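# Structural overview for review
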Amino acid sequence: MTVDDAIALEVRALARSYGAGAGSVLALAGVDAAFARGTFTAVMGPSGSGKSTLLACAAGLEAPSSGSVLVGGEDIAGWDEVRRARLRRERIGLVFQGFHLMPYLTAAQNVALPLRLAGRPADHERVARLLDRVGLGDRADRLPSALSGGQQQRVAIARALVAEPEVILADEPTGALDSVNATSVLGLLRDCVDSLGQTVVMVTHDPVAAAYAGTVVFLVDGRVVGRMAQPTAESVAGQLSRLDELVAA
Ligand SMILES: Nc1ncnc2c1ncn2[C@@H]1O[C@H](COP(=O)(O)OP(=O)(O)OP(=O)(O)O)[C@@H](O)[C@H]1O
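Each value, and the rule that gives it
Residues numbered from 1 in each chain as written. Predicted model: local features only at pLDDT ≥ 70, side-chain atom pairs only at ≥ 80, totals over all residues. Pairing = 2+ DSSP bridges. Helix = DSSP H or I, 4+ residues; strand = E, 2+ residues; numbered from the N terminus. Contact = placed C-beta atoms within 7 Å. Axes fitted to C-alpha atoms, helices over the stretch in contact; angles between N-to-C directions. Core = buried A, V, L, I, M, F, W, Y, C linked by C-beta atoms within 7 Å. Buried ≥ 20, exposed ≤ 12 C-beta atoms within 10 Å, placed from the backbone. pLDDT = per-residue confidence, 0-100. Near = placed C-beta within 6 Å. Nonpolar A, V, L, I, M, F, W, Y, C, P; charged D, E, K, R; others polar. Parallel < 35°, antiparallel > 145°, perpendicular 65-115°, else oblique. Left-handed = near helix turned anticlockwise from the far one by under 90°.

### Things to note about the sheet that holds strand β5 (residues 74-75)
- Spatial strand order, β2-β1-β4-β5: 4 strands in an open sheet with antiparallel pairing. Both edges of this open sheet fall to β2 (25-36) and β5, since each of them pairs with a single strand only.
- Note: strand β4 (residues 66-71) against β5, 2 bridges, orientation antiparallel. Within the sheet, the bridge partner assigned to L70 lies in β5 and is D75.
- Against the sheet, helix α1 (residues 51-58) touches β1 (7-18), β2 and β4, its axis set at about 120 degrees to β1.

The following block contains the structure:
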């Protein structure tokens, strides 16, 4: 298998089905996609098109039925849960719609958690630097319950960055936020790419959010049906309505 150093994450002929027999669902039906280092890609498509399954397979949260998932050129598809859990701690940063912060840990402790879980020393300077970067340097000692939704999501992004992962996977990161908070979170993800050279792959339903990405990948019925470079909210919305017609037909 050839490996390209410029590619942070790649899926090849990725398939995932759920259940068996007549009731089985083919969530991914052979997806090929490569995500170059230092790029921001949005994944879009109708409900049930396989977006979250794609991210879950890329994160090692789900095992593919067939095909490969290459992280930094290494195929994780056959890895057992212990190795996949280590991958998620050390090489993949995850951001979810619901933030998933530990409620009894402060912002700083939440950011440091992946380091602690990896048995690495809590690097207080790095944690402080990341909280500064996400605009929460003065909220380090707050519990999540004392932060707004947008602030909690920014803590989650700092946490996703702390282990200096190869790629950040974000599933509807602005889905639970109002437009002001969504704008700040999207600006932050863009900044992770522009200033830190991070690779971000983000599932979203929102054309405005997708316009922060450099490329949009469109899924329908578990397949890639299109790609768009330099998306705008208008061009993405137009393409999505054409996809809806395709699905309805
Ligand atoms: N754990 C599961 N068990 C059974 N079916 C599943 C499971 N997870 C996903 N599916 C099915 O796989 C298909 C793809 O689901 P997925 O959540 O990836 O789509 P999605 O594009 O992210 O949808 P949405 O936009 O609604 O979140 C759907 O038909 C879904 O019902």
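### Topic: the nonpolar core
- Membership of the largest hydrophobic core comes to 70 residues, with the highest contact counts inside it found for A58, V111, L169, L189 and V201.
- Setting aside residues up to four positions removed in sequence, L189 forms contacts with F40, I157, A170, V200, M202 and Y212.

### Thoughts on the sheet that holds strand β9 (residues 215-220)
- Within the open sheet, the 6 strands sit side by side as β6-β7-β8-β3-β9-β10. Their pairing is mixed. The open sheet is flanked by β6 (92-96) and β10 (223-229), the only strands paired with a single partner. In this sheet, neighbouring strand axes are inclined to one another by 20 degrees on average, regardless of whether the strands run parallel or antiparallel.
- Two elements, strand β3 (residues 40-44) and β9, share 4 bridges in a ladder whose sense is parallel. Counted as the bridge partner of T41 is T215 from β9.
- Lying over the sheet, α1 contacts β3, β7 (167-171), β8 (200-203) and β9, oriented at roughly 145 degrees with respect to β8.
- Most of the contacts of helix α6 (residues 179-196) go to β8, to which it runs at about 155 degrees, and overall it touches β3, β7 and β8.

### Digging into the confidence of the model for the protein
- Confidence along the protein averages 92 in pLDDT terms, with 97% of residues attaining 70 or more.
- Looking at the elements of the protein, mean pLDDT is at its lowest for helix α8 (residues 233-248), recorded as 86, and at its highest for β3, recorded as 98.
- Here the prediction assigns the complex a pTM of 0.94, and the interface score ipTM is 0.97.

### Things to note about the site of the ligand
- The full set of residues close to the ligand is Y18, G19, V25, A27, G45, S47, G48, S49, G50, K51, S52 and T53.
- Listed by contribution, the elements that provide at least two residues to the shell around the ligand are β2 and α1.
- Considering each element in turn, the shell around the ligand owes the most residues, 3 residues, to α1.
- Broken down by class, the residue content of the shell around the ligand amounts to 3 nonpolar, 8 polar and 1 charged.

### Comments concerning the pairing of β4
- Taken together, the 5 bridges between β1 and β4 define a ladder with antiparallel strand orientation. Bridging from a neighbouring strand, E10 pairs with L70 of β4.

### Examining the environment of R142
- If you trace the backbone, R142 turns up in the loop between α4 (124-133) and α5 (149-161).
- Sequence separation of R142 and A107 is 35 residues, and the distance between their C-alpha atoms is 5.8 Å.
- With residues up to four places along the chain from it excluded, the contact list for R142 reads T106, A107 and L147.

### Description of helix α3 (residues 107-117)
- Where α3 is concerned, the buried positions are A107, A108, N110, V111, A112 and P114.
- In this structure, the buried side of α3 is in contact with α2 (81-90), α4 and α5.
- The first or second residue beyond α3 is G119, which carries a positive phi of 75 degrees.

### A closer look at α1
- Extensive coverage of α1 is indicated by the burial of 7 of its 8 residues.
- Listed in full, the buried residues belonging to α1 are K51, T53, L54, L55, A56, C57 and A58.
- Positive backbone phi, approximately 75 degrees, marks G60, located one or two places after α1.

### Thoughts on the packing of α3 against α5
- Interhelical geometry of α3 versus α5 gives an angle of 30 degrees and a closest axis separation of 7 Å. Taken together, α3 and α5 sit at an angle that is classed as roughly parallel. Here α3 and α5 pass one another in a crossing that is right-handed. Contacts between α3 and α5 pair A107, N110, V111, L113 and P114 from the former with V155, A158 and R159 from the latter.
- Among the residues making up the contact of α3 with α5, the classes are represented as 6 nonpolar, 1 polar and 1 charged.

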